[in-house]
There are 2 protein chains.
Amino acid sequence: MVVTMQDVARRAGVALSTVSAALTGTRPVSATTRARVEAAAAELGFRPNALARGLASRRSHVLALTHPVGAAGLSRTSAEFVLGAAGAAQERGYQLVLWPFAVEDADGLVGVARQGLADGVLVMEVHAADARVRALREAGVPVALIGRTDDPADAALPTVDIDFAATLTEAVAHLADLGHRRIAFVNHAAHRTAEGHGPTRRAAAAYDAAMAARGLTPVQVAAEESVVGGRAALAGLLDGDAPAPTAVITMNEDATFGVVAELAARRVTVPERMSVLAVVSSPAVAEQTVPPLTTLHAPGAQLGRAAVDALLALLLTGAALAPVLERCRLVDHGSTGPVPADAEPGAAEPAPVVPAAAGAP
Amino acid sequence: MVVTMQDVARRAGVALSTVSAALTGTRPVSATTRARVEAAAAELGFRPNALARGLASRRSHVLALTHPVGAAGLSRTSAEFVLGAAGAAQERGYQLVLWPFAVEDADGLVGVARQGLADGVLVMEVHAADARVRALREAGVPVALIGRTDDPADAALPTVDIDFAATLTEAVAHLADLGHRRIAFVNHAAHRTAEGHGPTRRAAAAYDAAMAARGLTPVQVAAEESVVGGRAALAGLLDGDAPAPTAVITMNEDATFGVVAELAARRVTVPERMSVLAVVSSPAVAEQTVPPLTTLHAPGAQLGRAAVDALLALLLTGAALAPVLERCRLVDHGSTGPVPADAEPGAAEPAPVVPAAAGAP
DNA sequence: TTGAAAGCGTTACCAT
DNA sequence: ATGGTAACGCTTTCAA
């Protein structure tokens with residue numbers, strides 16, 4: 001039925017252990033026997049059994065990827081991450097299993113992890129206080145994180161993440177260079193910040209810092225993750241007491257569509273009357289709007305590959321690599337432009353420098 | 001280091017084989033010993049080793065999901081499918097591994113399949129002539145298909161798919177009930193049909209049949225999978241010699257955005273002057289446009305679950321279930337409306353019935 | 001350089 | 001109902 005190593009050994013006229021050595025190279029084998037073994041293996045169509053190999057060697061060559069499960073589904077960027085990780089694993093001779101678990105279900109996660117199917121775990125969407133990371137670490141399961149926790153005990157774990165500081169700095173710089181001074185930021189929903197959602201918090205701080213560094217006043221609004229949320233957020237910016245912004249940076253992918261819709265409804269033309277810059281977004285999303293949006297594309301696939309490499313490095317060397325930060329790439333689709341000539345000049349006065357965390361109480 | 005079944009046996013004062021029996025229920029065990037075993041296992045925090053279990057029982061409790069790899073990435077609907085499958089597998093005590101392979105790389109696929117890590121394979125985006133399916137079948141690997149092939153030899157394999165006939169019939173009915181008679185269909189790119197892409201071909205046939213059944217003339221255009229492709233397709237419909245349609249059904253998710261954009265650019269209001277109905281789409285996509293689109297939502301997650309169940313049924317009973325067809329669900333977001341009163345009356349004449357495949361040469 | 005044999009941690013069968 | 005013991009298909013000593 002199934003061709004085993006023993007079958008190959010018989011065919012090649014050598015011992016089973018010699019076949020193993022010849023095929024894996026774990027010990028020197030003469031060129032002639034190696035050739036005989038390889039020929040026999042090829043003739044029989046031998047494929048080593050992954051389970052047996054894993055059981056004997058104590059490495060399954062399987063990596064797990066756990067991602068929060070919820071109604072939201074997978075964003076395009078997350079999907080790119082998963083595909084990138086699967087591809088990288090494949091190329092390295094590993095397989096990737098999906099472990100959908102709620103962020104709170106650390107027990108369930110450790111439960112499957114301790115079954116020994118996976119050599120290590122990639123944790124997506126890491127939170128500031130993340131029960132999963134703590135539980136895996138305490139269970140001695142090798143992990144690599146996408147994102148960071150606040151726990152110093154997790155600081156030694158390998159990490160990959162989007163470089164939010166560089167991304168938001170570039171976003172603000174791009175708009176400021178066009179003359180904008182009132183640059184608003186539409187972030188994720190407020191409850192995300194409360195939950196310790198890493199990207200939300202790091203982007204908030206990075207935006208505030210980037211604005212402060214230029215003497216600009218940060219104006220940050222939290223938007224529900226929906227078109228309605230985006231419309232409401234933009235309406236709040238335009239109808240508030242403060243002077244309206246001339247440019248908006250959006251990080252909330254779903255709300256971005258709402259922002260564009262609300263601008264269209266109000267006949268505020270993009271980019272003539274309002275510049276829009278979507279950060280940590282994806283090509284597929286940026287091109288879906290009318291007009292298409294200038295974007296700082298999230299490096300989803302690269303992050304997935306980097307995460308796999310970080311985990312494999314830990315597995316093979318026992319030591320964690322230095323944290324990897326991938327920056328977003330600016331792709332100009334024409335939704336940003338010079339500040340309108342009639343923008344209220346008062347806003348050009350340098351605002352007082354505010355602390356970096358001011359926008360995210 | 002790792003707690004084994006032998007450890008539990010010692011602790012409970014029984015034989016190893018009794019522990020196995022008590023925990024898996026493969027043979028009768030007295031209530032008292034079962035309790036003792038369970039207590040011992042709980043105290044030691046025993047978790048059976050997945051690799052050893054799989055090797056001994058010859059079932060790994062791992063299912064594989066192979067999906068075409070390419071630049072396109074994962075559509076929202078595909079992502080929902082993957083998540084649905086992963087969730088269903090989880091609930092059934094299985095794990096899901098991702099196998100990214102090109103449709104042409106049947107050898108690579110069979111290669112990993114023969115490593116024995118997975119008990120069976122789910123094949124996504126099945127083509128009419130699909131080398132992967134044929135190769136897996138010939139290798140004796142249990143599979144379940146998402147979609148269908150043209151090969152009669154594959155007819156006995158378990159299958160799940162979108163019910164394109166019901167979906168397009170409902171789409172045409174919905175619009176016809178609103179009084180539309182010139183209903184166009186924007187399908188996927190022409191090369192998809194040539195490649196034997198199942199959804200493209202089945203939807204084409206279903207649309208033609210649904211139109212023919214009502215005595216309407218099918219007008220089908222292939223659009224490149226992009227915003228530009230969608231704009232071009234709509235422009236072709238409006239600028240052609242034939243009378244312009246009063247309603248458009250779109251199945252090409254990327255092109256849909258182009259259709260909407262082109263309508264906006266031409267100041268053709270939706271739904272007053274043109275009804276738009278996106279079929280086999282997703283909630284996330286439908287709400288991203290302005291206005292949001294009335295949609296026949298693709299049952300991604302349900303299909304994923306159904307596919308897992310179909311594969312497990314094959315694995316457990318040895319026989320394939322009957323094909324499962326999941327239909328799309330109409331969600332009215334207001335982008336369809338009554339046919340304009342001034343729509344050219346000549347078009348209301350019943351057109352000659354055309355054969356079902358006429359629109360997809 | 002090669003062969004023989006002892007695990008790896010389970011399941012499954014055969015006694016008892 | 002329970003205990004002992006071969007597999008399962010491979011890696012990894014340890015001898016030769």
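Reading guide: rules and limits
- Residues numbered from 1 in each chain as written.
- Chains lettered and ligands numbered in written order.
- Predicted model: local features only at pLDDT ≥ 70, side-chain atom pairs only at ≥ 80, totals over all residues.
- Heavy atoms only, no water.
- Helix = DSSP H or I, 4+ residues; strand = E, 2+ residues; numbered from the N terminus.
- Buried < 20%, exposed > 50% of the residue type's maximum accessible area, 1.4 Å probe, protein only.
- Near = heavy atom within 4 Å.
- Polar contact = N/O pair within 3.5 Å; in protein donor to acceptor, adjacent residues only side chain to side chain.
- Nonpolar A, V, L, I, M, F, W, Y, C, P; charged D, E, K, R; others polar.
- Pairing = 2+ DSSP bridges.
- Axes fitted to C-alpha atoms, helices over the stretch in contact; angles between N-to-C directions.
- Least-squares fit on C-alpha atoms with pLDDT ≥ 70 in both.
- Contact = heavy atoms within 4.5 Å.
- Phe/Tyr/Trp six-rings, centres within 6.5 Å; stacked < 30°, edge-to-face > 60°.
- Parallel < 35°, antiparallel > 145°, perpendicular 65-115°, else oblique.
- Left-handed = near helix turned anticlockwise from the far one by under 90°.
- Arc of directions from axis to C-beta.

J.: Any details on the environment of Gly304(A)? Residues and values, ideally.
T.: Along the polypeptide, Gly304(A) turns up in helix H14 (residues 300-317). Under the relative-accessibility criterion, Gly304(A) is labelled buried at 0%.

J.: Got a sec to walk through the protein's contact with DNA strand C? Specific residues and values, please.
T.: Taken together, 27 residues form the shell around DNA strand C, and within it Thr18(A), Arg27(A), Thr33(A), Arg58(A) and Ser20(B) come nearest. Of all DNA strand C atoms lying within 4 Å of any protein atom, the proportion belonging to sugar or phosphate reaches 66%. Ser30(A) is positioned with one of its backbone polar atoms (N or O) 2.8 Å from a phosphate oxygen of DNA strand C. With respect to DNA strand C, the backbone of Asn49(B) contributes an N or O atom lying 3.3 Å from a phosphate oxygen. At the level of elements, helix H2 (16-24) and helix H4 (50-57) of chain A together with helix H2 (16-24) and helix H4 (50-57) of chain B are the ones that each hand at least two residues to the surface near DNA strand C. The residue makeup of the surface near DNA strand C, split by class, is 12 nonpolar, 10 polar and 5 charged.

J.: Please provide a residue-by-residue account of the sheet that holds strand E4 (residues 143-146) of chain B, values included.
T.: As summarised here, the arrangement of the 12 strands in space is E11(A)-E5(A)-E4(A)-E3(A)-E1(A)-E2(A)-E2(B)-E1(B)-E3(B)-E4(B)-E5(B)-E11(B), forming an open sheet in which the pairing is mixed. Looking at the sheet topology across the chains shown, the edges are occupied by strand E11 (324-326) of chain A together with strand E11 (324-326) of chain B. The sheet shows a mean angle of 20° between the axes of neighbouring strands, direction not considered. Where strand E5 (residues 159-162) of chain B lies against E11(B), 3 bridges are found, and the strand directions are parallel. Each bridged residue has a counterpart across the sheet, and for Ile162(B) the counterpart in E11(B) is Glu326(B).

J.: Go over the relation of the copies chain A and chain B with me, naming the residues and quoting the values.
T.: Turning chain A through 180° and shifting it by 0.1 Å along the axis lays it on chain B, with an RMSD of 0.1 Å. Taken together, the turn and the small shift mark the pair as related by a two-fold rotation axis. It is Val97(A) whose C-alpha, among those of chain A, lies nearest the rotation axis, at 2.0 Å. Of the residues that chain A buries at the interface, 98% are likewise interface residues in chain B, meaning the two copies contact each other through the same surface.

J.: Lay out the packing of aromatic side chains in plain terms, naming residues and giving numbers.
T.: All names here are of chain A. Taken as a whole and judged by the stated rule, the model has 2 aromatic pairs over all chains. Look at Phe185 and Tyr207: their rings are 5.0 Å apart centre to centre, the planes differ by 35°, and that puts the pair in the tilted class. With Phe185 in strand E6 (residues 183-187) and Tyr207 in helix H10 (residues 198-213), this pair connects stretches of sequence that are 22 residues apart.

J.: Give me the packing of helix H11 (residues 227-239) of chain A against helix H12 (residues 253-265) of chain A: which residues, what numbers.
T.: Residue and element names in this part refer to chain A. Where H11 contacts H12, the two axes come as close as 6 Å, and the packing angle between them is 55°. The angle between H11 and H12 places the two elements in the oblique class. Here H11 runs over H12; the crossing is right-handed. Listed contacts from H12 to Val227, Gly230, Arg231, Leu234 and Ala235 of H11 are Asp254, Ala255, Phe257, Gly258, Val259, Ala261, Glu262, Leu263 and Ala265. Of the residues that constitute the contact of H11 with H12, the class distribution is 9 nonpolar, 2 polar and 3 charged.

J.: Account for the protein's contact with DNA strand D, naming residues and giving values.
T.: Taken together, 27 residues lie around DNA strand D, and Met5(A), Ser20(A), Thr18(B), Ser30(B) and Arg58(B) are the ones closest in. For DNA strand D, the fraction of atoms within 4 Å of the protein that belong to sugar or phosphate moieties is 63%. A distance of 3.0 Å separates a base oxygen of DNA strand D from a polar atom in the side chain of Ser17(B). Here a base oxygen of DNA strand D sits 2.8 Å away from a polar atom, N or O, in the side chain of Arg27(B). Of all the secondary structure elements, the ones that give two or more residues to the surface near DNA strand D are H2 and H4 of chain A together with H2 and H4 of chain B. Counted by class, the surface near DNA strand D contains 12 nonpolar, 10 polar and 5 charged residues.

J.: So, the sheet that holds strand E12 (residues 329-331) of chain B: which residues are in play, and what are the values?
T.: Residue and element names in this part refer to chain B. If you walk across this open sheet you meet the 6 strands as E7-E6-E8-E9-E10-E12, and the pairing is mixed. Either end of the sheet is taken by a strand with one partner, and the two such strands are strand E7 (219-222) and E12. Strand-to-strand twist in this sheet, taken as the mean axis angle between neighbours without regard to direction, amounts to 20°. Two elements, strand E9 (residues 275-281) and strand E10 (residues 294-297), share 4 bridges in a ladder whose sense is parallel. Looking at the pairing, Ser281 lines up with His297 of E10. With respect to the sheet, helix H12 (residues 253-265) is in contact with strand E6 (183-187), strand E8 (247-250) and E9, its orientation differing from that of E9 by roughly 170°.

J.: An account of H4(A) is needed here, citing residue identities and associated values.
T.: Residues and elements named next belong to chain A. Taken together, the buried positions of H4 are Ala50, Leu51 and Gly54. Take H4 and look down its axis: the buried residues cluster within an arc of 95°, on one side only. The opening residue of H4 is Asn49, an N-cap whose side-chain oxygen sits 2.8 Å from the backbone nitrogen of Leu51.

J.: Before we move on, can you summarise the pairing of E6(B) with the specific residues and values?
T.: All names here are of chain B. Most of E6 is tucked away, with 5 of its 5 residues classed as buried. Of the two faces of E6, both are covered, the one formed by Ile183, Phe185 and Asn187 as well as the one formed by Ala184 and Val186. Bridging between E6 and E8 involves 4 bridges; their strand directions are parallel. Looking at the pairing, Phe185 lines up with Ile249 of E8.

Remember, this is a structural readout, not a statement about activity or role.
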